[in-house]
Amino acid sequence: MILFLTSSPCVEGKGDINPANGFRDELVRRVPRNARAVFVTATPDNVPQTEWAAYSMKQNLEEAGIVFGSYYVLDKRNVHCAANLVINSDFVILGGGHVPTQHRFFEALGLAKLLRNYDGVVMGISAGTMNCAEVVYSQPEEPGESVAADYKRFFNGLNLTKKQVLPHFQKSLRAILDGKRLIEDITFADSIGQTFYGLPDGSYIFADGQTEEIRGEYYLIRDGRLEHFS
């Protein structure tokens, strides 16, 4: 499996696939020509949102030079086709959205099992990247989640990487949720005994089955401390 774990594959405010840190060139090189692709949504019950996200991404990728032989969208309408679509694809795109919502959909699809011996290219986007972890850290995101006693912050993911990723980290550094600082007041406490990787947009994790590396700047949060690497 070739794995690209992104915060966002696109330049912020544009549809261009981000050239930073060699991402665009590496992705175009690794995705085979006439690729059979499947976009797995994070919003399975919101068909308009899914269609917009999936086909906007398709256009962005085509403009970067990727040629598709087929491009399918996987949401609530075709759950029964999941195994056929994934197993027969060359390129799986895991869309962005709400992490727990996407996790429940992945569970319904049995996606972890379908990807266990997958030998194509997988690209995670934001929530899709977060859900690739062996153990996902579902950082509170929506109002009320950080104070809800029943909000589950850790659960089993797709097990494609050990790394627990926090995407869009340049925004998280100044984010406020439920009247608290997202990083200092919420995430630091959750990091005791854990290691989180904060990826700003433009940075990504690349793995090819033999090596796994972070390309671009990143942050480490562990045991309540923040470190920056560039």
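Residues numbered from 1 in each chain as written. Predicted model: local features only at pLDDT ≥ 70, side-chain atom pairs only at ≥ 80, totals over all residues. Heavy atoms only, no water.

### Focus: unusual backbone geometry
In most cases, non-glycine residues show a negative phi, while peptide bonds are predominantly trans. Backbone geometry at Asp178 places phi at a positive 55 degrees, although glycine is not the residue there. You can call Asp178 partly exposed: its relative accessible area is 30%. Residues other than glycine seldom take positive phi values, yet Asp223 does so here, at roughly 50 degrees. For Asp223, the position within the fold is in the loop between strand S14 (218-222) and strand S15 (225-229). (Buried < 20%, exposed > 50% of the residue type's maximum accessible area, 1.4 Å probe, protein only. Helix = DSSP H or I, 4+ residues; strand = E, 2+ residues; numbered from the N terminus.)

### Brief notes about the pairing of strand S5 (residues 121-125)
Look at any regular strand and the pattern is simple: side chains alternate between the two faces of the sheet. Of all the five residues making up S5, five are buried; the element is thus mostly covered by neighbouring parts of the structure. In S5, alternate side chains face the same way, and those of Val121, Met123 and Ile125 on one face and Val122 and Gly124 on the other are all buried. Sheet topology note: the strand S1 (residues 2-6)/S5 ladder contains five bridges and is parallel. Counted as the bridge partner of Ile2 is Val121 from S5. Where strand S4 (residues 91-94) meets S5, four bridges bridge the pair, whose relative direction is parallel. Considered in S5, the bridge of Phe91 is made with Val121. (Pairing = 2+ DSSP bridges.)

### Focus: the environment of Pro100
With respect to the secondary-structure elements, Pro100 resides in helix H4 (residues 99-109). Ignoring any residue separated from it by four or fewer positions in sequence, one finds Pro100 in contact with Ser138, Tyr151 and Phe155. (Contact = heavy atoms within 4.5 Å.)

### Let's talk about the sheet that holds strand S8 (residues 164-167)
Across the sheet, which stays open at both edges, the four strands sit in the order S8-S11-S14-S15 with mixed pairing between neighbours. Whereas interior strands pair on both sides, the edge strands pair on one side only; in this sheet they are S8 and S15. Ignoring strand direction, the axes of neighbouring strands in this sheet form an average angle of 25 degrees. In this structure, S14 lies alongside S15, joined through five bridges in antiparallel fashion. Bridging from a neighbouring strand, Arg222 pairs with Arg225 of S15. Each of S8, strand S11 (195-199), S14 and S15 touches helix H8 (residues 182-190); the most contacted strand, S14, lies at about 65 degrees to it. (Axes fitted to C-alpha atoms, helices over the stretch in contact; angles between N-to-C directions.)

### With respect to helix H2 (residues 47-64)
The terminal C-alpha atoms of H2 lie 26 Å apart, and with 18 residues this matches the ideal 26 Å at 1.5 Å per residue to within 8%. Taken together, the buried positions of H2 are occupied by Thr50, Ala54, Met57, Lys58, Asn60 and Leu61. Looking down the long axis of H2, one finds its buried residues gathered within 165 degrees of arc, a one-sided arrangement. Facing away from the buried side of H2 by more than 90 degrees, the exposed set consists of Pro48, Trp52 and Glu63. In this fold, the buried residues of H2 make contact with helix H1 (23-30), strand S2 (35-40), strand S3 (68-74), S4 and S5. (Expected span 1.5 Å × (residues − 1). Arc of directions from axis to C-beta.)

### Notes on the nonpolar core
Residues Val40, Leu74, Leu94 and Leu111 are the most contacted members of the largest nonpolar core, which totals 28 residues. Excluding its chain neighbours within four sequence positions, the residues that come into contact with Leu111 are Val40, Val86, Leu94, Phe106 and Leu158. Grouped together as the second largest cluster of nonpolar side chains are 24 residues, Phe23, Val31, Leu61 and Val73 included. (Core = buried A, V, L, I, M, F, W, Y, C linked by side-chain atoms within 4.5 Å.)

### Section: the packing of aromatic side chains
Summed over the entire model, instances satisfying the criterion amount to 13 aromatic pairs. Taken together, Phe4, Phe23, Tyr204 and Phe206 form an aromatic cluster joined through their ring pairs. In this structure, Lys58 packs its charged tip against the face of Tyr71, placed 5.9 Å from the ring centre. The ring of Tyr197 carries Lys163 above its face, with NZ or CZ at 5.4 Å from the centroid. (Phe/Tyr/Trp six-rings, centres within 6.5 Å; stacked < 30°, edge-to-face > 60°. Lys NZ or Arg CZ within 6 Å of the ring centre and 35° of its normal.)

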